[in-house]
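Structural description and commentary
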Amino acid sequence: MSSEMIEKLTNQEYKFGFQTDIESDVAPKGLSEDIVRLISERKNEPQFMLDFRLKAYRHWLKLTEPKWSKARYPKIDFQNIHYYAAPKTKVKLDSLDQVDPELLKTFEKLGIPLFEQKQLAGVAVDAIFDSVSVATTYKEKLLEAGVVFCPMSEAVEKYPEIVKKYLGSVVPFTDNYYAALNSAVFSDGSFVYIPKNTISPMELSSYFRINTEESGQFERTLIVCEENSYVSYLEGCTAPKFDTNQLHAAVVELVAMDNAEIKYSTVQNWYAGDPKTGKGGIYNFVTKRGKCAGKKSKISWTQIETGSAITWKYPSCLLIGEESVGEFYSVALTNHFQQADTGSKMIHIGPNTVSTIISKGISVGESENTYRGLVQINKSAKNARNFTQCDSMLVGHKSKANTLPYIIVKNASAKLEHEASTSKVSDDQLFYFRQRGIGVEDAMAAIISGFCKSVFDKLPTEFSVEANQLLSLKLENSVG
Amino acid sequence: MLTIHNLHAQIDENKILNGISLTVKPGEVHAIMGPNGSGKSTLAKVISGDSHYEVTDGEVTLEGKNILDMDPETRALSGIFLAFQYPVEIPGVNNAEFLRMAYNAKQKFQGKPEADPMQFDAILQSKLELVEMSPDFADRAVNFGFSGGEKKRNEILQMAVLNPKIAILDETDSGLDIDALRIVAEGVNQLRSPDNAIILITHYQRLLNFIQPDFVHVLANGQIVKSGDKSLALELEARGYDWLVSPVNG
């Protein structure tokens, strides 16, 4: 590809970089036991939550930041972050009509019309602005089916027993540095509970938005699927443009009991930093893990990662139940100065467990894209199987791709396959398209969409179209 | 229709075309022959707009319009088609979808309605028969894992779908067995019309047994050193190129 094309390719605009002028209730910068207490107090939490937070905070103090990822970034000053920011609301919201119109405008700009499109499409939406859930649609209709879909803060209040039982059961606060931090200060997030023998009557969806400068977003999501139940959940994320970096350290925990299935999809488009200098952008340091606790349970992670200055996450599955299934389908597109170190961990514990990892990494501009994954077959996991495929695509001459698979097998009956490939979008391919009258932009979109097809096919139908458009958007005004 | 005047082009400071002039009128078939390295493929690439080559002098016009200022896609949309000598593989991109993109790009350029997948399928089926390709050909990725012969037939299929004004076939005959050669040649012959023109770049006379050219040009050291009718090709077959090619001056 010519340098001129790369130049254009690396000059695309971030559409979601606006800030909304909304009165916020912001905690002072810095982290201390007082701040942790303040967060808990603001949220009117019961004692067990405060205890959970404080234990996590005290543990966090003993930890040091992990350094093993490929990502390079200046040291984060954890005392220079607002750990709590919420849109000021005078009364508690009972319905969408009471939501601040400025906020609704924001979500409209983001292409998330809470009322119209999604409702017509039959998707329930939970919108989270900075740290607080501002609107959850379709709550009542879901409740009729027995499905609980609400902000985490509401779950703590209304379903304390379930929260107490499962919060931290998949990702304990001792798990890692950022999980400990999140456990201490998490503000809100989505809570989903699907009772026995229940199929969620619609797709559930959360939209996350960071608005306040120098604030961190620490949301916490918990999804529990009881026996013979099913849910499909999608999260989308955006943030305004700021010169300073913002930390996003979320924790997502999934629990699937016997014959339960959870499909978790992510379309991540956080602000990636200035295209020319790499300044600003989100540090997306997230811990996502699912526990296939029950027999024949299944957890699927599908992620489309296109944003963030740095993405550092490994959605994982603990395959405990006999014949349980873990899947990970990922497309990670990095451009400009973005860095991604992402992949999956499949820990096989029960017998006859099966896992699949399909990872597609696309590196454009001067970005670096790393697949890092672990497939571990424990002694107890008789006849476990894994199939892993890691494909990397390089665009231009300055981008980088790495593949770092770790495989640990402790039971000789296991069957594992690993395939990997690296390809480059060549000048010749682009010329071939152009000679047939197809412009570079459309050519790139077709090549990348073809490269990612096996992953897009795994997204809920309407979102696979969105994902395709998002990737095209990322390359739009950029080439041709 | 296509006029090339005093065309000079180079790649990385190496002069390859040294003043080519050629006029192609509607309905004509021109064969360009010549030894290896004489600039045949470069001529094809320069006309179609490959940015690796730099045009240092001369002009190329299509129906009076200077095409050298156009980007490759505009040239293609204006009616220039290159059947590549080595068609590139594009994994993951469906052949039928690729063809539809190209077809619709052209329709749009001409202000005509674009075809949806169903409508396009009907167009494609008739063209597949022309080059004796089975329908499952359309469902494979563009040129991916195709044999050499399949790739060449795919080029002719694309030519049939896009119906260009000027088709340049760059050694489409090389690497083909006699049956594939016949299929390709028959496809090309069916696409001949009084409104379009074809430039055949070839090493061998045998293609010209299947596709009768109106003119034969011999290219050597980036210049046309001799032009004639189809009997020139037979003469070249018998005598080789040496008698036409003067040694390169220091």
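Keep in mind it's a predicted model, so treat the numbers as computed, not measured. (Residues numbered from 1 in each chain as written. Chains lettered and ligands numbered in written order. Predicted model: local features only at pLDDT ≥ 70, side-chain atom pairs only at ≥ 80, totals over all residues. Heavy atoms only, no water.)

This next bit is on the overall build of chain B. For chain B, the count of helices and strands is 8 helices and 12 strands. Here chain B holds 250 residues, and 52% of them are scored as buried. For chain B, contacts bridging at least 24 residues in sequence account for 69% of all contacts bridging at least 6. (Helix = DSSP H or I, 4+ residues; strand = E, 2+ residues; numbered from the N terminus. Buried < 20%, exposed > 50% of the residue type's maximum accessible area, 1.4 Å probe, protein only. Contact = heavy atoms within 4.5 Å.)

Regarding its fold elements, chain A presents 12 helices and 24 strands. When burial is assessed residue by residue, chain A has 63% of its 480 residues classed as buried. A total accessible area of about 18100 Å² is found for chain A, and carbon and sulfur atoms account for 49% of it. (Areas by Shrake-Rupley, 256 points an atom, 1.4 Å probe, with all protein chains shown as cover.)

What follows covers the interface of chain B and chain A. Where interface size is quoted, it is often the accessible area lost as the parts come together. Facing the 30 residues of chain B at the interface are 17 residues of chain A. Area buried by chain B at its contact with chain A is led by B:Glu73, B:Phe84 and B:Met101, which between them contribute 26% of it. If you look at where chain B meets chain A, you find 2 salt bridges. Between B:Glu155 and A:Arg436 there is a salt bridge, with its nearest N and O atoms 2.6 Å apart. At the boundary of chain B and chain A, one finds 10 residue pairs in polar contact (both at pLDDT 80 or more). Looking at the side of chain B that touches chain A, the elements with two or more residues in it are helix H2 (72-78), strand E6 (80-83), strand E7 (90-94), helix H3 (95-109) and helix H5 (148-162) of chain B. A per-class count over the side of chain B that touches chain A returns 19 nonpolar, 6 polar and 5 charged. (Buried area = accessible area lost by both parts, 1.4 Å probe. Salt bridge = Lys/Arg side-chain N within 4 Å of Asp/Glu carboxyl O. Polar contact = N/O pair within 3.5 Å; in protein donor to acceptor, adjacent residues only side chain to side chain. Nonpolar A, V, L, I, M, F, W, Y, C, P; charged D, E, K, R; others polar.)

Residue and element names in this part refer to chain B. Contact pair H3 / helix H4 (residues 117-130): the axes reach a minimum separation of 10 Å and the direction vectors enclose 100°. If you check the angle between H3 and H4, you find them roughly perpendicular. Every residue of H4 that contacts H3 at Ala 96, Leu 99, Arg 100 and Tyr 103 is listed here: Pro 117, Phe 120, Ile 123 and Leu 124. The residue inventory of the contact of H3 with H4, partitioned by class, reads 7 nonpolar, no polar and 1 charged. (Axes fitted to C-alpha atoms, helices over the stretch in contact; angles between N-to-C directions. Parallel < 35°, antiparallel > 145°, perpendicular 65-115°, else oblique.)

To continue, consider the packing of helix H2 (residues 33-42) of chain A against helix H3 (residues 47-62) of chain A. Residue and element names in this part refer to chain A. Where H2 meets H3, the axes come as close as 10 Å, and the angle between the chain directions of the two elements is 155°. With respect to H3, the axis of H2 lies roughly antiparallel. Between H2 and H3 lies a crossing whose hand is right-handed. Only Leu 50, Arg 53, Leu 54, Tyr 57 and Arg 58 of H3 make contact with H2, whose side of the interface consists of Glu 33, Val 36, Arg 37, Ile 39 and Ser 40. Taken together, the residues that form the contact of H2 with H3 break down as 5 nonpolar, 1 polar and 4 charged. (Left-handed = near helix turned anticlockwise from the far one by under 90°.)

Turning our eyes to something else, we now look at the sheet that holds strand E9 (residues 166-170) of chain B. All names here are of chain B. An order of E6-E9-E10-E3-E11-E12 is seen for the 6 strands of this open sheet, with the pairing classed as mixed. Of all strands in the sheet, those with a lone pairing partner are E6 and strand E12 (223-228), marking the two edges. Looking at each pair of strands side by side, their axes are set apart by 20° on average, direction ignored. Across 4 bridges, the pairing between strand E3 (residues 29-33) and strand E10 (residues 197-201) is parallel. Bridging from a neighbouring strand, Ala 31 pairs with Leu 200 of E10. (Pairing = 2+ DSSP bridges.)

The next thing to look at is unusual backbone geometry. All names here are of chain A. One non-glycine residue, Asn 259, lies in the positive phi region at around 60°. The topology assignment puts Asn 259 in the loop between strand E11 (251-256) and strand E12 (261-268). Asn 259 gets classed as partly exposed once you look at its relative accessible area, which sits at 43%. Positive phi values are uncommon outside glycine, yet Asn 352 reaches one of about 55°. Among the secondary structure elements, Asn 352 is positioned in the loop between strand E19 (345-348) and strand E20 (354-363). By relative accessible area, Asn 352 is classed as partly exposed at 31%.

What follows covers the pattern of salt bridges. For side chains bearing opposite charge, pairing can occur when the charged atoms are close. Throughout the structure, instances matching the rule amount to 26 salt bridges over all chains. Residues joined in a network through salt bridges with shared partners are A:Glu33, A:Arg37 and A:Arg58.

Right, let's talk about the state of the cysteines for a bit. Two cysteines, two sulfur atoms, one covalent bond between them: this is a disulfide. Residues and elements named next belong to chain A. Within the structure shown, the criterion is met by 0 disulfides over all chains. Here Cys 317 stays unpaired: no disulfide links it, and the sulfur of Cys 292, its closest cysteine neighbor, is 5.4 Å away. Under the relative-accessibility criterion, Cys 317 is labelled buried at 0%. (Disulfide = S-S within 2.5 Å.)

Residues and elements named next belong to chain B. Over its 14 residues, helix H6 (residues 178-191) runs 20 Å from end to end, which matches the ideal 20 Å to within 8%, given 1.5 Å per residue. All of the buried residues along H6 are Ala 180, Leu 181, Ile 183, Val 184, Ala 185, Gly 187, Val 188 and Leu 191. Capping the start of H6, Asp 177 holds a side-chain oxygen 3.1 Å from the backbone nitrogen of Asp 179, two or three residues further along. (Expected span 1.5 Å × (residues − 1).)

Further remarks concern the packing of aromatic side chains. By the definition in use, this model includes 26 aromatic pairs over all chains. With centroids separated by 5.9 Å and ring planes inclined at 85°, the aromatic side chains of A:Phe431 and B:Phe84 adopt a geometry described as edge-to-face. Residue A:Phe431 is found in helix H10 (residues 427-435), and its partner B:Phe84 is found in the loop between E6 and E7; the two belong to separate chains. Like A:Phe431, the residue B:Phe84 is buried in the burial classification. (Phe/Tyr/Trp six-rings, centres within 6.5 Å; stacked < 30°, edge-to-face > 60°.)

A separate point is the environment of A:Lys291. Along the chain, A:Lys291 turns up in strand E13 (residues 281-292). Aside from chain neighbours lying at most four places away, what touches A:Lys291 is A:Ser169, A:Val170, A:Leu254, A:Val255, A:Ala256, A:Ile299, A:Leu318 and A:Ile320.

Let's shift gears to the sheet that holds strand E2 (residues 14-24) of chain B. In any sheet, the strands associate via hydrogen bonds between backbone groups, in a parallel or an antiparallel arrangement. All names here are of chain B. Read across the open sheet, the 4 strands follow the order E2-E1-E4-E5; overall the sheet is antiparallel. Of all strands in the sheet, those with a lone pairing partner are E2 and strand E5 (65-66), marking the two edges. Pairing between strand E1 (residues 2-11) and strand E4 (residues 54-62): 7 bridges, direction antiparallel. Within E4, the residue paired with Ala 9 across the bridge is Val 55. Taken strand by strand, helix H1 (residues 40-48) contacts E1, E2 and E4, and its axis lies near 110° from that of E1.

The subject of this paragraph is the environment of A:Leu61. Inspection of the secondary structure puts A:Leu61 in helix H3. Between the C-alpha atoms of A:Leu61 and A:Ser32, which are 29 residues apart in sequence, the distance is 9.7 Å.

This part takes up the pairing of strand E15 (residues 310-313) of chain A. All names here are of chain A. Residues Ile 310 and Trp 312 point to one face of E15 and Thr 311 and Lys 313 to the other, with burial holding for every one of them. Here 4 bridges tie E15 to strand E18 (residues 339-342), and the two strands are oriented parallel to one another. Bridge assignment links Trp 312 to a residue of E18, and that residue is Asp 341.

Before going further, it helps to spend a moment on helix H11 (residues 440-456) of chain A. Of all the bends in H11(A), the greatest, near 40°, is centred on A:Gly450. A:Val440, A:Ala443, A:Met444, A:Ala446, A:Ile447, A:Ile448, A:Gly450, A:Phe451, A:Cys452, A:Val455 and A:Phe456 are the residues of H11(A) that are buried. (Bend = angle between axes of the 7 residues up to and from the residue.)

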